[in-house]
Amino acid sequence: MKSLEELAKIRERMAGKVALREGENSVRIVVGMATCGIAAGARPVLNTLVDEVVKQGVSDKATVSQTGCIGICQYEPVVEVFEPGKEKVTYVKMTPDKAKRVVAEHIKGGNPVVEYTIGNTKI
Amino acid sequence: MKELSLNILDIVQNSLTAGAANVEIALEETAETLRITVADDGCGMTPDVARSVTDPFYTTRKTRGVGLGIPFFKLAAEQTGGTLDLKSTSEKDDPVNHGTVISALFYKTSIDFTPLGDIISTLGTLIQGLGESTDIVFTHTLPHGEVSLSTAEIRAVLGEVPLSTPEVLVFIKDDLASQYAEASSCT
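Treat the numbers as computed from the prediction; the structure is a model and nothing was measured.

## Examining the overall build of chain A
Turning to step 1, where the next piece is worked out: When helices and strands are tallied, chain A shows four helices and four strands.
Turning to step 2, where the next piece is worked out: Taken from the N to the C terminus, the helices and strands of chain A come in the order α-β-α-α-β-β-β-α.
Turning to step 3, where the next piece is worked out: Its C-alpha atoms put chain A at 50 × 35 × 20 Å along the principal axes.
Turning to step 4, where the next piece is worked out: Buried residues in chain A amount to 33% of all 123 residues.

## Side note on the overall build of chain B
Turning to step 1, where the next piece is worked out: The helix and strand inventory of chain B stands at six helices and six strands.
Turning to step 2, where the next piece is worked out: Across chain B, helices and strands are ordered from the amino to the carboxyl terminus as α-β-β-α-α-β-β-α-β-β-α-α.
Turning to step 3, where the next piece is worked out: Projected onto its principal axes, the C-alpha coordinates of chain B cover approximately 45 × 45 × 30 Å.
Turning to step 4, where the next piece is worked out: Counting every position in chain B, which comprises 187 residues, the buried fraction comes to 37%.
Turning to step 5, where the next piece is worked out: Once local pairs closer than 6 in sequence are excluded, the contacts in chain B between residues at least 24 apart make up 65%.

## Considerations on helix α3 (residues 42–55) of chain A
Residues and elements named next belong to chain A.
Turning to step 1, where the next piece is worked out: The first and last C-alpha atoms of α3 sit 20 Å apart over 14 residues, in line with the 20 Å expected at 1.5 Å per residue.
Turning to step 2, where the next piece is worked out: Judged by how many residues are buried, α3 sits mostly within the fold: 10 of 14 residues are covered.
Turning to step 3, where the next piece is worked out: Residues Ala 42, Arg 43, Val 45, Leu 46, Asn 47, Thr 48, Leu 49, Val 50, Glu 52 and Val 53 constitute the buried set of α3.
Turning to step 4, where the next piece is worked out: Just past α3, the residue Gly 57 takes up positive phi, approximately 70°.

## A few points about the pairing of strand β5 (residues 135–142) of chain B
Residue and element names in this part refer to chain B.
Turning to step 1, where the next piece is worked out: Judged from the seven bridges that link them, strand β1 (residues 22–29) and β5 form a sheet pairing that is parallel. Counterpart to Glu 28 in the pairing with β5 is Thr 141.
Turning to step 2, where the next piece is worked out: Summarising the sheet, β5 and strand β6 (residues 145–150) pair through six bridges and their orientation is antiparallel. The residue of β6 that forms the bridge with Thr 139 is Ser 148.

## Thoughts on helix α5 (residues 151–158) of chain B
Turning to step 1, where the next piece is worked out: All of the buried residues in α5(B) are B:Thr151, B:Ile154 and B:Leu158. Down the axis of α5(B), the buried side of the element spans an arc of 60°, and every buried residue falls inside it. Residues of α5(B) that are exposed and angled more than 90 degrees away from the buried face: B:Ala152 and B:Ala156.
Turning to step 2, where the next piece is worked out: As for α5(B), its buried residues are in contact with α1 (5–14) of chain A together with α4 (119–128), β5, β6 and α6 (166–184) of chain B.
Turning to step 3, where the next piece is worked out: At the C-terminal side of α5(B), B:Gly159 shows a positive phi close to 65°.

## A word on the interface of chain B and chain A
Turning to step 1, where the next piece is worked out: Facing the 30 residues of chain B at the interface are 25 residues of chain A.
Turning to step 2, where the next piece is worked out: Of all the elements in the fold, those that place two or more residues in the side of chain B that touches chain A are α1 (4–17), α4, β6, α5 and α6 of chain B.
Turning to step 3, where the next piece is worked out: Looking at the side of chain B that touches chain A element by element, the count peaks at six residues for α6(B).
Turning to step 4, where the next piece is worked out: Among the residues forming the side of chain B that touches chain A, the class breakdown is 13 nonpolar, 12 polar and five charged.

## So, the sheet that holds strand β1 (residues 27–32) of chain A
Residue and element names in this part refer to chain A.
Turning to step 1, where the next piece is worked out: The sheet built from four strands is open, its strands ordered β2-β1-β3-β4 with mixed pairing. Each edge of the open sheet carries a strand with a single partner, namely β2 (62–67) and β4 (89–91). With direction set aside, neighbouring strand axes in the sheet form an average angle of 20°.
Turning to step 2, where the next piece is worked out: Strand direction decides the pairing type here: β1 and strand β3 (residues 79–82), joined by four bridges, are antiparallel.

## Here's the deal with the packing of α1(B) against helix α3 (residues 69–78) of chain B
All names here are of chain B.
Turning to step 1, where the next piece is worked out: In the contact formed by α1 and α3, the axes pass within 9 Å of each other and the chain directions differ by 140°. The angle between α1 and α3 places the two elements in the oblique class. Like other packed secondary-structure pairs, α1 and α3 cross with a definite hand, here left-handed. Each of Leu 4, Asn 7, Asp 10, Ile 11 and Asn 14 in α1 lies in contact with α3, whose residues at this interface are Gly 69, Phe 72, Phe 73 and Ala 76.
Turning to step 2, where the next piece is worked out: Across the contact of α1 with α3, the residue classes break down as five nonpolar, three polar and one charged.

Rules used throughout
- Residues numbered from 1 in each chain as written.
- Chains lettered and ligands numbered in written order.
- Predicted model: local features only at pLDDT ≥ 70, side-chain atom pairs only at ≥ 80, totals over all residues.
- Helix = DSSP H or I, 4+ residues; strand = E, 2+ residues; numbered from the N terminus.
- Buried ≥ 20, exposed ≤ 12 C-beta atoms within 10 Å, placed from the backbone.
- Contact = placed C-beta atoms within 7 Å.
- Expected span 1.5 Å × (residues − 1).
- Pairing = 2+ DSSP bridges.
- Arc of directions from axis to C-beta.
- Nonpolar A, V, L, I, M, F, W, Y, C, P; charged D, E, K, R; others polar.
- Axes fitted to C-alpha atoms, helices over the stretch in contact; angles between N-to-C directions.
- Parallel < 35°, antiparallel > 145°, perpendicular 65-115°, else oblique.
- Left-handed = near helix turned anticlockwise from the far one by under 90°.

Given below as C-alpha cells:
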C-alpha cells in the first residue's frame, strides 16, 4: 500500500469538522444495491451521487446510503429521497446523468425531477 | 452480470447482511485461471440452507420469490468450465467459529469468461456503505505482483474520520490504481 502519510494528512484536515449525522435536518438519498440493482447498473449511479453531492456543495445536508431489495426490481436502478416533513420521492430507471440532475434540481434546488419518478415512468 | 466485479459486489453484500465483522476477498489469478474467494465470519448457514442457496428459487427476502446472487455467480464460473464451492457453519451450530466461505474458479481461456471489470469501483462502493462494524481485507495475486487493501489499517490511521468520507474514498481508489499499474508491469 502506498504511503499512509497521505491518509494521516486527510485526518488532520478533517479533524474538527463536524461530520454530518443523520439527524432531523438531513436529506437521505438511498440507492438500491441488491442483485437486481447491481445487475441493472446501480454501482455507477451510487458513485455519481456520492461525487455530485460533494461537487455541488450539498454534503452538509445530504447523505448517500445503500439498501437491499426494495421490491420493484423491474424499475432498478432505484433511488429514494427522504426529507423530514416531506413525502418520499422514488426515482426509477436511474442513470449517472439523471443522478447529476437530481442532485442539482432536487437536493440542491428543492424541486424533485418529476419525470424520473415512479409515477411518471412506464416500462 | 456484465463484469465479475459486479458479482463480487453482490456476494460480499451477503456477508454484510450476515453481520460479518471481517470479510476477506481473495483473487488469485494466473495466466489461465482466476479464483475468487469471499470468506466471512457472519452468522453462517445451517446445512439445509447452504444446500439451497444455489437454487434460484430460494431466498430469504419477502418481496420476491427468487434469489439470484449466488446462482449468477455459479453460472458465471461453470460456463467457463469452472466450479463453485460453498462451505458454511451456522452460529447455532458453532457459536465461536461460524461463517461462510464461497469460492469460484474461472477459466480465463474460455470464450464465456466474463471479464473481471472495474474491481476498484466495487471496492469503493463496498467501503462507502461499510459502516463501523465490519472490516474488509482484499488481496489480488497476479502473475507479476500483488494488490492489497485492509480497511482496518486505514481506520487505524484515520481515527474518528469515517471511511466513507469522499476524500478517503478517492485516496483508496487512487492507491489501488497505482498498485494495479505496478503489479501489471512485467519488471
